[in-house]
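Notes for the structure review
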Amino acid sequence: MNLAVVPLAEVHFEGLRKAFDSIAREKRYLAFLQAPPLEEGLAFYRNIVDNDLCHFVALLDDVAVGWCDVLPTHGEARAHVGTLGIGVVARARHVGIGPKLVRAALEKAWKQGYSRIELTVRTDNTIAKTLYERFGFTLEGVNRNAFFVDGTFYDTYSMALLRDNGPGDHRRDSRVE
């Protein structure tokens with residue numbers, strides 16, 4: 001079993017889309033219930049590569065089995081914020097791939113200048129929540145009825161990781177009011 005965590009490249013697009021579709025069809029982990037149409041998915045991946053965005057792929061014996069990305073949010077006032085997304089196919093879970101993907105993505109995100117990384121995770125996905133907490137993500141709130149799958153609502157947690165910018169950090173501490 002040969003594992004590699006590498007930056008996304010065009011050679012990964014097809015396999016990564018298959019992995020994404022597999023995870024989406026589980027209807028437990030992603031906002032998608034299946035992969036977007038082929039051309040839409042390929043355009044999404046091309047944009048990531050063309051703009052050197054933070055996106056890593058896990059290859060198990062040269063087959064894409066997962067990814068982790070930290071992608072920009074919208075709006076100039078949120079240019080310092082990235083959103084973390086991750087997925088690992090069922091057959092490759094619980095062997096340490098998730099932490100390797102998260103570590104690679106966080107390292108690049110910090111180098112790219114992000115100082116806040118956000119994510120949402122379903123409240124019933126305790127394994128993922130524990131993984132994020134191991135990396136220092138903290139719970140910021142609960143989003144009620146955030147997912148609707150097969151006639152059932154699911155809540156999600158909002159979590160975030162802040163980077164300490166050191167001396168001269170001009171962050172406003174919202175706890176002091």
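Here the structure is a predicted model, which is why all the values come from computation and not from measurement. (Residues numbered from 1 in each chain as written. Predicted model: local features only at pLDDT ≥ 70, side-chain atom pairs only at ≥ 80, totals over all residues. Heavy atoms only, no water.)

**What to know about the sheet that holds strand E7 (residues 152–162)**
How we decide: For two strands to count as paired, DSSP must find a minimum of two bridges between them. Put simply, DSSP H or I for four residues or longer makes a helix, DSSP E for two residues or longer makes a strand, and each gets a number counted from the N terminus. Lines fitted to C-alpha atoms define the axes here, with helix axes fitted over just the stretch in contact, and angles between the N-to-C directions of these axes take values from 0 to 180 degrees.
A sheet is described by the order of its strands in space; here seven strands give the open sequence E1-E2-E3-E4-E5-E7-E6, paired in mixed fashion. In this open sheet, the two edge strands, each paired with only one partner strand, are strand E1 (3–7) and strand E6 (138–149). Each strand axis lies, on average, 25° off the axis of its neighbour in the sheet, ignoring direction. Pairing of E1 with strand E2 (residues 54–60) involves five bridges; the strand directions are antiparallel.

**Things to note about helix H2 (residues 38–50)**
Quick note on the threshold: For a helix, the expected span equals 1.5 Å multiplied by the number of residues minus one. Contact criterion: two residues are considered in contact whenever any of their non-hydrogen atoms come within 4.5 Å of each other.
Its 13 residues give H2 an end-to-end C-alpha distance of 18 Å, which sits within 8% of 18 Å, the value for a rise of 1.5 Å per residue. Where H2 is buried, its residues contact helix H1 (13–24), E2 and strand E3 (63–72). Just past H2, the residue Asp-52 takes up positive phi, approximately 50°.

**A look at the layout of surface pockets**
Basically, it comes down to this: Cavities and pockets were defined on a 1 Å grid built from protein atoms only: a cavity is a group of points that admits a 1.4 Å probe but offers it no way out, a pocket is an open group of points flanked by protein on both sides within 12 Å along at least five of seven lines, and a lining residue is one with an atom within 4 Å of any such point. Grid points are joined across faces, edges and corners, and a volume is the space filled by probe spheres set on the points. Classification used: nonpolar for Ala, Val, Leu, Ile, Met, Phe, Trp, Tyr, Cys and Pro, charged for Asp, Glu, Lys and Arg, polar for all others including Gly.
Counted as a void, the largest pocket has a volume near 1,300 Å³. Lining the largest pocket are 48 residues, with Tyr-29, Leu-30, Gly-85, Ile-86 and Gly-87 positioned closest to its centre. Of all the elements in the fold, those that place two or more residues in the lining of the largest pocket are H1, H2, E3, strand E4 (81–88), helix H3 (97–111), strand E5 (116–122) and helix H4 (126–134). Among the residues making up the lining of the largest pocket, the classes are represented as 28 nonpolar, 11 polar and nine charged.

**Some points on the pairing of E6**
Sheet faces and side chains relate simply in a regular strand, where the side chains alternate between the two faces. Where E6 meets E7, eight bridges bridge the pair, whose relative direction is antiparallel. Directly across from Gly-141, in E7, lies its bridge partner Ser-158. Hairpin connection of E6 to E7: two residues between the antiparallel strands, including Asp-150 at a positive phi of 50°.

**Some details on H3**
Quick reminder of the rule: Relative accessibility decides the category of a residue: with a 1.4 Å probe and only protein chains considered, values under 20% of the type maximum give buried, values over 50% give exposed, and everything between is partly exposed.
Over its 15 residues, H3 runs 22 Å from end to end, which matches the ideal 21 Å to within 8%, given 1.5 Å per residue. For H3, every residue scored as buried is listed here: Ile-97, Gly-98, Pro-99, Leu-101, Val-102, Ala-104, Ala-105, Leu-106, Lys-108, Ala-109 and Trp-110. Gly-113 sits one or two positions beyond H3 and adopts a positive phi of about 100°.

**Description of the side chain of His-55**
As for its position among the elements, His-55 is in strand E2. Ignoring sequence-local partners within four residues, the contact set of His-55 consists of Val-6, Pro-7, Leu-8, Leu-16, Tyr-45, Ile-48, Trp-67, Cys-68 and Asp-69.

**Quick look at the pattern of salt bridges**
Here is the rule we go by: Think of a salt bridge as a Lys or Arg side-chain nitrogen and an Asp or Glu carboxyl oxygen that are within 4 Å of each other.
A complete count under the given rule lists 12 salt bridges for this structure. For Asp-150, the salt bridge goes to Lys-27, with nearest N and O atoms at 3.1 Å. Placement of the pair is Asp-150 in the loop between E6 and E7 and Lys-27 in the loop between H1 and H2, with a sequence separation of 123 residues. Classification of Lys-27 by relative accessible area gives partly exposed; the value is 30%. Put simply, Arg-122 and Asp-124 hold a salt bridge, and the shortest N to O gap is 2.8 Å. Under the relative-accessibility criterion, Arg-122 is labelled buried at 5%. Look at Asp-124 and you get partly exposed, because its relative accessible area is 33%. The structure contains a network of salt bridges with shared partners spanning Arg-78, Arg-116, Glu-118 and Glu-140.

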